[in-house]
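Observations on the three-dimensional arrangement
For reference, the chains in residue letters:
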Amino acid sequence: MALRNIVKEGDEILTKRAKEVTEVNDRIRQLLDDMIETMRENDGIGLAAPQVGVLRRVFVVELEDKIYELINPEIVKTEGTQTVEEGCLSVPGCVGTVERPAYIKMKGLDRNGNEIEVEGTELLAVALSHEYDHLEGILFVDKALEIKDIDELENDGETDEQ
Ligand code: NI
């Protein structure tokens, strides 16, 4: 495994729609491993491939000791909304208030190319929606209802970064 550099806001790769993965091979598995290592090193709860400079439809999320890996994710269903404060490893120093689905169900491929479904509520729904947005070239700051600098916060920016 290897750490990869996290691309920051301002780099145009973060504004582009990521491309489908055509073959789930060792290169994709290496990418997943590197993304997990990079996410953990940076104390994130999610990371999408464009954030490490790879314009492919791949993301990872880690919550409550569970890792979710999705390749070519599609949104199957959403229900309700929740308004949350969130951050992003590609947008250091600020958090935003964003409206997300209360429930989301996605399907995609796992690291062996098998079809899987992932569903979640609460923070998992937020993270899945946030990472999916990265694959569409959307950052939370593009849809935030309000954006704050972390130094304005009382909790020293303990918002989860994705
Ligand atoms: Ni992010």
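Owing to the predicted nature of the structure, the values given are computational and were not obtained by experimental measurement. (Residues numbered from 1 in each chain as written. Predicted model: local features only at pLDDT ≥ 70, side-chain atom pairs only at ≥ 80, totals over all residues. Heavy atoms only, no water.)

**Some points on the overall build of the protein**
Rule in force here: Per the convention used, a helix needs a DSSP run of H or I reaching at least four residues, while a strand needs a run of E reaching at least two, with both numbered from the N terminus. Radius of gyration: over C-alpha atoms. The globule rule applied is 2.2 Å multiplied by the number of residues raised to the 0.38 power.
Across its full length, the protein holds three helices and eight strands. When its helices and strands are written in sequence order, the protein yields α-β-β-β-β-β-β-β-α-α-β. The C-alpha radius of gyration computed for the protein amounts to 15 Å, which stays within 12% of the reference 15 Å derived for 162 residues, consistent with globular compactness. In terms of principal-axis extent, the alpha carbons of the protein reach across some 45 × 35 × 30 Å.

**Structural notes on the coordination of the nickel ion**
The condition that has to hold: With water excluded from the atoms, a metal site may look incomplete; its donors are any N, O or S atoms within 2.8 Å, or within 3.2 Å for Na, K and Ca. Metal sites are grouped by the angles between bound donors: all angles between 85 and 135 degrees with four donors is tetrahedral, opposite donors over 155 degrees apart with the others between 65 and 115 is square planar for four donors and octahedral for six, and any other pattern is irregular.
Surrounding the nickel ion are the protein donor atoms C88 (SG), H130 (NE2), H134 (NE2) and Q162 (O), which sit 2.0 to 2.3 Å from the metal. Metal-centred angles of 97 to 142° between the four donor atoms at the nickel ion mark the site as irregular.

**Remarks on helix α2 (residues 122–135)**
We count it as follows: A helix is expected to span 1.5 Å for every residue after the first. Three labels apply to residues, based on accessible area from a 1.4 Å probe with only protein chains included: buried if under 20% of the type maximum, exposed if over 50%, partly exposed otherwise in between.
Between its first and last C-alpha, α2 extends 21 Å over 14 residues, near the 20 Å set by a 1.5 Å rise per residue. Where burial is concerned, most of α2 is hidden: 12 out of the 14 residues are buried. Within α2, the full set of buried residues consists of L124, A125, V126, A127, L128, S129, H130, E131, Y132, D133, H134 and L135. A positive phi of about 80° marks G137, the residue just after α2.

**As for the pattern of salt bridges**
Note the following rule: Every case where a carboxyl oxygen of Asp or Glu lies within 4 Å of a side-chain nitrogen of Lys or Arg is listed as a salt bridge.
Per the stated rule, a full pass over the model turns up 16 salt bridges. Measuring nitrogen to oxygen at the nearest pair gives 2.8 Å for the salt bridge that ties D34 to R4. One end of the pair, D34, is in helix α1 (residues 26–41); the other, R4, is in the segment before α1, and 30 residues separate them in sequence. Residue class for D34 comes out buried when judged on its relative accessible area of 4%. Take R4: its relative accessible area is 26%, and that puts it in the partly exposed class. One salt bridge in this structure joins R111 and D33, with 2.8 Å as the shortest N-O distance. Placement of the pair is R111 in the loop between β6 (103–109) and β7 (115–121) and D33 in helix α1, with a sequence separation of 78 residues. On the basis of relative accessibility, which here comes to 21%, the residue R111 falls in the partly exposed class. Overall, D33 belongs to the partly exposed group, its relative accessible area being 23%.

**Brief notes about a negative patch on the surface**
Filter applied, for reference: Patch membership requires over 30% relative accessible area and the absence of a salt bridge. Like charges are linked within 9 Å, and nonpolar side chains (Val, Leu, Ile, Met, Phe, Trp, Tyr) within 5 Å. For every accessible area listed, the method is Shrake-Rupley and the probe measures 1.4 Å; residues are considered covered only by the protein chains on display. His residues and chain termini do not enter the charge count, which takes Lys and Arg as positive and Asp and Glu as negative. Here the site of a charge means NZ on Lys, CZ on Arg, CG on Asp, or CD on Glu.
Side chains of E146, D149, D151 and E152 sit close together on the surface and give a patch of like negative charge. Position of E152 relative to the elements: it lies in the segment after β8 (146–149). According to the relative accessible area criterion, E152 is exposed, its value standing at 53%.

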